[in-house]
Amino acid sequence: MAAAAPPLLPTTVVPAATPSPSPIPTADDANPAAARAFLSRLLESAKRALSGARPWSELADRSALSRPDTVADATSRLRKNLAYFRVNYAAVVALSLAAALLAHPFSLAALLALLAAWCLLYILRPADAPPLAAFGRTFSDREVLGGLIASSAFVVFLTSVGSLIFSALALGAAVVCAHGAFRVPEDLFLDEPAEQAAGNPLLSFIAGATGGRV
């Protein structure tokens, strides 16, 4: 008599794993190490630039102010004072711009959003990051850069933000020119080392931090 066949065991077919879609890069994908390095070098460059500031007591010395005799005298004074107080004058213009932006929170928020977009989408984006994907399509670095430039032009030239910035810069420049024309530079010693006058350390920092991308 033939032996009974063993009972059939139930079988389960495991479906093939479907590949998960690649995540869409967002602003949270920015490299935190690159952001920390960027901020650290920015603070270091700012401190190095501010270290060349002259004593503010010299800038505010009222006894050194006098009316220039001619336009040529005013121009000569302004040129010498710009060379001597360049860091102080830059701080005055920056304070004028900061005060104007703090007095207009909407413009300040727009500029901060624009700066965040530049940092997250271009400056701090890793070089090996995947292309940016949004609205069902991907964007190349050139397209992202073009969009950022177009957005910056729109905010600066087609809104009240641009007029506010230009007005604040013009006011700061007017204060600087007035002080430079009326400040007698005879007591100033224009013996700057050549390496300090060789360029702006902040600009060279930005070029190095972005790897030449901006």
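Just so it is clear, the structure is predicted and the values come from calculations on it, not from any experiment. (Residues numbered from 1 in each chain as written. Predicted model: local features only at pLDDT ≥ 70, side-chain atom pairs only at ≥ 80, totals over all residues. Heavy atoms only, no water.)

Engineer: Could you clarify how one ought to interpret the overall build of the protein in this entry?
Structural biologist: Counting its regular elements, the protein contains eight helices and two strands. For the protein, the sequential pattern of α-helices and β-strands runs α-α-α-α-α-β-β-α-α-α. Within the protein, the proportion of its 214 residues that are buried is 22%. Restricting to contacts in the protein with at least 6 residues of sequence separation, those with at least 24 account for 81%. (Helix = DSSP H or I, 4+ residues; strand = E, 2+ residues; numbered from the N terminus. Buried < 20%, exposed > 50% of the residue type's maximum accessible area, 1.4 Å probe, protein only. Contact = heavy atoms within 4.5 Å.)

Engineer: Any chance you could explain the pattern of salt bridges here in plain terms?
Structural biologist: Any two side chains of opposite charge can pair, on the condition that their charged atoms come close. Tallying each qualifying case throughout the model produces two salt bridges. Of the charged contacts in the structure, one is a salt bridge between D73 and R77, with a shortest N-O distance of 3.5 Å. Taken together, the positions of D73 and R77, both in helix α3 (residues 71–84) and four residues apart, correspond to about one turn of that helix. Using a relative accessible area of 9% as the deciding quantity, one classes R77 as buried. E143 is the salt-bridge partner of R137, the closest N and O atoms lying 3.2 Å from each other. Here E143 falls in the partly exposed class, since its relative accessible area comes to 38%. (Salt bridge = Lys/Arg side-chain N within 4 Å of Asp/Glu carboxyl O.)

Engineer: What's the story with the UniProt feature "transmembrane region" (unreviewed entry) in the protein in this structure? I'm lost.
Structural biologist: Look at the UniProt record and you will see "transmembrane region" (unreviewed entry) annotated at residues 83–102, 108–124 and 145–176. Taken as a whole, residues 83–102 contains 95% helix and 0% strand, while its terminal C-alpha atoms sit 30 Å from one another. (UniProt positions renumbered as here; feature names shortened; annotations may be inferred.)

Engineer: Which parts of the structure should I look at to understand the confidence of the model for the protein?
Structural biologist: One rule of thumb: low pLDDT means the predicted coordinates there are not for detailed reading. On average, residues of the protein score 77 in pLDDT, and 67% of them reach the 70 mark or higher. Below pLDDT 50 for its whole length, residues 21–30 participates in nine contacts with residues either more than four positions away or in separate chains. A low-confidence stretch, residues 193–199 stays under pLDDT 50, and its non-local contacts, those more than four residues away or across chains, total two contacts. (pLDDT = per-residue confidence, 0-100.)

Engineer: When you look at a nonpolar patch on the surface in this model, what are you seeing that I'm missing?
Structural biologist: On the surface, F154, F157, L158, F166 and L169 cluster together into a nonpolar patch covering about 560 Å² of accessible area. Put simply, the parts of the chain that give the nonpolar patch at least two residues each are α6 (141–157) and α7 (160–182). Position of F154 among the secondary structure elements: in helix α6. According to the relative accessible area criterion, F154 is partly exposed, its value standing at 46%. (Patch = residues over 30% accessible without salt bridge, like charges linked within 9 Å, V, L, I, M, F, W, Y side chains within 5 Å. Areas by Shrake-Rupley, 256 points an atom, 1.4 Å probe, with all protein chains shown as cover.)

Engineer: I keep staring at the nonpolar core and nothing clicks. Help me out?
Structural biologist: Side chains that are nonpolar tend, in soluble globular proteins, to be buried together. Counting 12 residues, the largest nonpolar core is built from L114, W118, C119, Y122, I123, L124, L132, V144, L148, V155, V161 and I165. When residues of this core are traced back to their parent elements, those giving at least two are α5 (105–123), α6 and α7. Among the elements that make up this core, the one with the highest residue count is α5 (five residues). If you look at the next biggest cluster of nonpolar residues, it comprises six residues, including L59, Y89, V176 and L188. (Core = buried A, V, L, I, M, F, W, Y, C linked by side-chain atoms within 4.5 Å.)

Engineer: I would appreciate a short explanation of the packing of aromatic side chains in the present structure.
Structural biologist: Under the defined criterion, the tally for this structure stands at four aromatic pairs. Relative to F166, the ring of F157 lies with its centre 6.4 Å away and its plane at 40°, an arrangement referred to as tilted. According to the relative accessible area criterion, F166 is partly exposed, its value standing at 46%. Grouping aromatic residues by their ring pairs yields a cluster made of Y84, F85 and Y89. (Phe/Tyr/Trp six-rings, centres within 6.5 Å; stacked < 30°, edge-to-face > 60°.)

Engineer: So what exactly am I meant to see when it comes to the side chain of N88 here?
Structural biologist: Mapped onto the elements, N88 comes out in helix α4 (residues 86–102). Apart from the residues lying within four places of it in its own chain, the contact partners of N88 are A53, R54, W56 and L59.

Engineer: I would appreciate a short explanation of the packing of α3 against α7 in the present structure.
Structural biologist: Angle between the axes and distance between the axes are the two parameters that describe a pair of packed helices. Contact geometry for α3 and α7: axes closest at 7 Å, N-to-C directions at 110°. Comparing the axis directions of α3 and α7 gives the class roughly perpendicular. Of the residues in α7, those in contact with A74, R77, L78, N81 and L82 of α3 are V176, C177, H179, G180, A181 and F182. Tallied by class, residues from the contact of α3 with α7 come to seven nonpolar, three polar and one charged. (Axes fitted to C-alpha atoms, helices over the stretch in contact; angles between N-to-C directions. Parallel < 35°, antiparallel > 145°, perpendicular 65-115°, else oblique. Nonpolar A, V, L, I, M, F, W, Y, C, P; charged D, E, K, R; others polar.)

Engineer: Just to check I follow, could you spell out the side chain of H179 for this structure?
Structural biologist: Looking at the element boundaries, H179 is found in helix α7. Residue classification places H179 among the buried residues on the basis of a relative accessible area of 17%. Not counting chain neighbours up to four residues away, the residues in contact with H179 comprise L59, L65, N81 and Y89.

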